[in-house]
Amino acid sequence: MMTTEDQEYNDFIQEASLKAMELRQKYDKLSDNNKRRFLLYIEPMVRAGGTQGFMNQMNILFDTGIR
């Protein structure tokens, strides 16, 4: 039997996966120049803090409503 905590996690993963797919589709539609700009934007975040630093920055970005 699934606990409330398990359901909460499963719901979060499902929503995160859908948003990631949506962002990937939007990324694929960007011009090559804008794809490069995005990669240049996130590269310092990944280098500075590794995966955890990147995830922290994404949380900050999404929590401020910037999309």
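The notes below deal with the structure included here.

Quick notes on the rules
Counting restarts for each chain, with residues numbered from 1 along the sequence as it is written. Per-residue local features of the predicted model are confined to residues with pLDDT of at least 70, and side-chain atom pairs are confined, for both listing and counting, to 80 or more; whole-chain, interface and lining totals are unaffected and use all residues. Only hydrogens and water are set aside when side-chain values are computed; all heavy atoms of the structure are taken into account. The secondary structure listing takes helices from DSSP runs of H or I that are at least 4 residues long and strands from runs of E that are at least 2 residues long, numbered from the N terminus. Radius of gyration here uses only the C-alpha atoms, and the compact-globule reference equals 2.2 Å multiplied by the residue count raised to the power 0.38. Relative accessibility thresholds used throughout: buried, under 20% of the residue-type maximum; exposed, over 50%; partly exposed, between the two (1.4 Å probe, protein chains only). Under the convention used here, Asp and Glu are negative, Lys and Arg are positive, and both His and the chain ends fall outside the count. A charge is said to be at NZ when it belongs to Lys, at CZ for Arg, at CG for Asp and at CD for Glu. Pairs of residues are marked as contacts when any of their non-hydrogen atoms sit within 4.5 Å. Distance thresholds for patches are 9 Å for like charges and 5 Å for nonpolar side chains (Val, Leu, Ile, Met, Phe, Trp, Tyr), applied to residues having over 30% relative accessible area and no salt bridge. Reported accessibility uses the Shrake-Rupley method at a 1.4 Å probe radius. Residues are deemed covered only where the shown protein chains occlude them. Only one rule defines a salt bridge in this text: a Lys or Arg side-chain nitrogen within 4 Å of an Asp or Glu carboxyl oxygen. Whenever a nitrogen or oxygen atom comes within 3.5 Å of another N or O atom, the pair is scored as a polar contact, on the condition that within protein one atom can donate a hydrogen and the other can accept it, and that pairs from neighbouring residues in sequence are kept only if both atoms are in side chains.

## Points about the overall build of the chain
And then number 1: Across its full length, the chain carries 2 helices and 0 strands.
And then number 2: A compact globule built from 67 residues would reach a C-alpha radius of gyration of about 11 Å, whereas the chain, at 15 Å, exceeds it by more than 25%.
And then number 3: With respect to the three principal axes, the spread of C-alpha positions in the chain is 50 × 30 × 20 Å.
And then number 4: Buried residues in the chain amount to 10% of all 67 residues.
And then number 5: Of the side-chain charges in the chain, 9 are positive and 10 negative, and the distance between the mean point of each set is 14 Å.

## Re the environment of Phe54
And then number 1: Inspection of the secondary structure puts Phe54 in helix α2 (residues 32-63).
And then number 2: Separated by 25 residues in sequence, Phe54 and Lys29 have C-alpha atoms that sit 23 Å apart.
And then number 3: The residues touching Phe54, leaving out its near neighbours within four places in the chain, are Ile42, Met45 and Val46.

## Details of a nonpolar patch on the surface
And then number 1: Residues Leu30, Phe38, Leu39 and Tyr41 make up a contiguous nonpolar surface patch of roughly 360 Å² in combined accessible area.
And then number 2: Tracing the sequence through the fold places Leu30 in the loop between α1 (4-29) and α2.

## Looking at the side chain of Lys35
And then number 1: Relative to the elements of secondary structure, Lys35 occurs in helix α2.
And then number 2: Buried charge without a partner: Lys35 forms no salt bridge, and the closest opposite charge is Asp32, 4.4 Å away.
And then number 3: A polar side-chain atom of Lys35 sits 3.5 Å from the main-chain carbonyl oxygen of Asp28.
And then number 4: If sequence neighbours within four positions are ignored, Lys35 has contacts with Tyr27, Asp28 and Leu30.

## So, the pattern of salt bridges
And then number 1: With the rule as written, the count across this model stands at 3 salt bridges.
And then number 2: Asp28 serves as the salt-bridge partner of Arg24, at 2.9 Å between the closest nitrogen and oxygen. On the criterion of helical spacing, the pair formed by Arg24 and Asp28 is a turn pair, its members being 4 residues apart in helix α1.
And then number 3: Relative accessible area serves as the criterion here: at 41%, Asp28 is assigned to the partly exposed category.

Nothing here speaks to function; it is all geometry.
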